[in-house]
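A look at the structure
Each chain, letter by letter, is given below.
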Amino acid sequence: MQLREVRVFDIARKIIANMTSESWETIPHSVCSYEADVTKLMPIIKEMNEGCAKEDKLSINTVMLGILCEAIKAAPVINSHLAFNRKLVRGELKVYDNVNISMPMILPTGQMMTVNMRDMNTKTLTEMNHEIAKTFKKASTTNQDQALFEVSLHDTLEGLKKGKIGQALRRLYGSKMPGKHQVKILSGEAKKQFYAVPEDERLSQKDLEQGTITISNLGSIYREGTGRCYLLEIVPPQTTVIALLSIRKEPVVVTDENGEDKIEIRQILPMTLAFDHRAYDYNKVVPFFKRLDEIFADPSIVKGWR
């Protein structure tokens, strides 16, 4: 067996590995899927973009975020954080009004960062578009390792305040001990230059904090993909994660104006939603899907969200 290479985890991989391990060790996942018929939506987006400057054109990603925020309003419990103590069998669910979306973002370097798109439920589609573009620009010029180290250090110190001394010591040992596993961060002049950049021009701890719900557009990574997503990890303390797949043409049974069923080729955007079954049951998700049904049946409503 020939070994090609050994990849030592950088800080981003360490954080992801730690969070996803905690997710699968502690959370009972329940998963459901939804197939959005965006056939009527796509020409509306095209119409809304006519005559717009490039930076003002709405992407399908932005419009879908707007639609999902609207559906979340119908099922607010999915926009929540859970605290559960299994030993004492005590739980508390914090349901939020503000929809702060944890959104994975692929940078030009190929690195992935999850950013916190705050208060997306209060923004117009244009404001969402500009906020996403602004955040992507900041992410593209931010040293990822340094930014993530700030967040990790903050989480470790918060853990200390809560009495998690062992966890804090293990993290510090794992990141600071010399050797190949030591976290490499900026120092000297490079560190001064990093902090000399105003926070509104680089990713700060606020941009990388945990959101209230995660929404990941897998379809943007592989637009030609024809597969589906069957399982997602929920990042605690969040209770819900949503994945959007790529749009594809599929045969669908539709009912015409005469009440007759027929098969048409429609544009379908598959969606997967995973939730923490400790927090709520499937019936709580139904209003979310029903609101999506209403919007996709008459998507002209999104024109008013511009």
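Below is a short write-up of the structure. Remember, it's a predicted structure, so these values are computed and weren't measured experimentally. For every chain, the first residue of its written sequence is number 1, and the numbers climb from 1 along that sequence. Restriction of local features to residues with pLDDT of at least 70 applies here, the model being predicted, together with a cutoff of 80 or more for giving and counting side-chain atom pairs; totals for whole chains, interfaces and linings are based on all residues. Values reported for side chains reflect all heavy atoms of the structure, with hydrogen atoms and water molecules removed beforehand.

Strands are runs of DSSP state E lasting at least 2 residues, helices are runs of H or I lasting at least 4, and numbering of each runs from the N terminus. Counting its regular elements, the chain contains nine helices and nine strands. Our radius of gyration is a C-alpha quantity, and the globule rule it is checked against amounts to 2.2 Å times the number of residues to the power 0.38. In summary, the chain has a C-alpha radius of gyration of 21 Å against a globular reference of 19 Å for 306 residues, a match within 12%. In this scheme, a residue with accessible area under 20% of its type's maximum is buried, one over 50% is exposed, and one in between is partly exposed, where area comes from a 1.4 Å probe on protein chains only. Counting over 306 residues, the chain shows a buried share of 40%. The contact criterion used throughout is that any non-hydrogen atoms of two residues lie within 4.5 Å. Contacts spanning at least 24 positions in sequence make up 69% of the contacts within the chain whose residues lie at least 6 apart. Computed with a 1.4 Å probe, the accessible areas rest on the Shrake-Rupley method; for each residue, only the protein chains presented here act as cover. In the form shown here, the chain has an accessible surface area of approximately 17700 Å², with 53% of it arising from carbon and sulfur atoms. Under this rule, positive means Lys or Arg and negative means Asp or Glu; His and the chain ends count for nothing. Every charge is mapped onto a representative atom, which is NZ of Lys, CZ of Arg, CG of Asp or CD of Glu. In the chain, 42 side chains carry a positive charge and 39 a negative one; their mean positions are 7 Å apart.

Take the pairing of strand S3 (residues 90-95) next. Note: two strands are recorded as paired if DSSP finds a minimum of 2 bridges between them. For strand S2 (residues 80-85) and S3, the ladder comprises six bridges, and the chain directions are antiparallel. Bridge pairing in S3 links Ser-80 to Val-95. In this structure, the hairpin formed by S2 and S3 is closed by a connection of four residues, where Val-89 is found at a positive phi of approximately 50°.

Let us now look at the packing of aromatic side chains. Only centres within 6.5 Å qualify two rings of Phe, Tyr or Trp (six-membered ring in Trp) as a pair; their planes then separate them into stacked at under 30 degrees, edge-to-face at over 60, and tilted for everything else. Going through the model one piece at a time under the given rule, you end up with five aromatic pairs. Ring plane angle 5° and centroid distance 5.3 Å describe the contact between Tyr-34 and Phe-289, whose orientation is recorded as stacked. In this pair, Tyr-34 is assigned in strand S1 (residues 29-37) and Phe-289 in helix H9 (residues 286-297), connecting sequence segments 255 residues apart. The same class applies to Tyr-34 and to Phe-289, which are both buried. On the basis of an interplanar angle of 85° and a centroid distance of 4.9 Å, the ring pair of Phe-194 and Tyr-195 is categorised as edge-to-face. A relative accessible area of 36% places Tyr-195 in the partly exposed class.

Take the packing of helix H2 (residues 41-49) against helix H3 (residues 60-74) next. Helix axes are fitted only over the stretch in contact, all axes being lines through C-alpha atoms; the angle between N-to-C directions runs from 0 to 180 degrees. Closest axis-to-axis distance for the H2/H3 pair is 11 Å, and the angle between their directions is 115°. The angle between H2 and H3 falls in the class roughly perpendicular. Between H2 and H3 lies a crossing whose hand is right-handed. Here Leu-41, Met-42 and Ile-45 of H2 lie close against H3, whose contacting residues are Ile-60, Val-63, Met-64 and Ile-67. By the convention adopted, Pro, Cys, Tyr, Trp, Phe, Met, Ile, Leu, Val and Ala count as nonpolar, Lys, Arg, Asp and Glu as charged, and the other residues, Gly among them, as polar. Each residue belonging to the contact of H2 with H3 can be placed in one class, and the counts come to seven nonpolar, no polar and no charged. Note on terminology: angles under 35 degrees are roughly parallel, angles over 145 are roughly antiparallel, angles of 65 to 115 are roughly perpendicular, and the others are oblique. Handedness of each helix crossing follows the sense of rotation of the near helix against the far helix: counterclockwise by less than a right angle gives left-handed, clockwise gives right-handed.

For the purposes of this analysis, a disulfide is any pair of cysteine sulfur atoms at a distance within 2.5 Å. Under the criterion given, the structure shown has zero disulfides. Here Cys-69 is not disulfide-linked; the sulfur of Cys-32 is the nearest cysteine sulfur, at 18 Å. A relative accessible area of 3% places Cys-69 in the buried class.

This next bit is on the packing of H3 against H9. Two measures define how a pair of helices packs: the angle their axes make with one another and the distance between the axes. As a packed pair, H3 and H9 sit with axes 8 Å apart at the nearest point and diverge in direction by 135°. One element, H3, and the other, H9, form an angle in the oblique class. Seen along the crossing, H3 lies across H9 with a hand that is right-handed. Facing Met-64, Ile-67, Leu-68, Glu-70, Ala-71, Ile-72 and Ala-74 of H3, the residues of H9 in contact are Pro-287, Phe-288, Arg-291, Leu-292, Ile-295 and Phe-296. Of the residues assigned to the contact of H3 with H9, the class counts are eleven nonpolar, no polar and two charged.

Another point: a nonpolar patch on the surface. On the surface, a cluster of nonpolar side chains totalling about 450 Å² of accessible area is made up of Trp-24, Val-31, Tyr-230 and Leu-231. Position of Val-31 relative to the elements: it lies in strand S1. On the accessibility criterion, Val-31 (32% relative accessible area) is partly exposed. What makes a patch is a set of residues exposed beyond 30% relative accessible area and free of salt bridges, joined within 9 Å when like-charged and within 5 Å when nonpolar (Val, Leu, Ile, Met, Phe, Trp, Tyr). Criterion for a salt bridge: a side-chain nitrogen of Lys or Arg within 4 Å of a carboxyl oxygen of Asp or Glu.

Our next topic: the nonpolar core. Take the buried Ala, Val, Leu, Ile, Met, Phe, Trp, Tyr and Cys residues and link them wherever side-chain atoms come within 4.5 Å; each set so joined is a nonpolar core. One finds Leu-41, Ile-67, Ile-101, Ile-242, Phe-288, Leu-292 and Phe-296 to be the most contacted residues of the largest nonpolar core, which totals 61 residues. The dominant element in this core, judged by the number of residues it contributes, is H3, at eight residues. Beyond its immediate chain neighbours, meaning those up to four positions away, Phe-288 contacts Leu-68, Ala-71, Ile-72, Ala-75, Ile-78, Ile-242 and Leu-273. Cys-229, Val-241, Ala-243 and Ala-274 belong to the second-largest nonpolar core, a separate cluster that totals eight residues.

This brings us to the side chain of Thr-62. Within the secondary structure, Thr-62 sits in helix H3. Excluding residues within four positions of it along the chain, Thr-62 makes contact with Leu-125, Met-128, Asn-129 and Ile-132.

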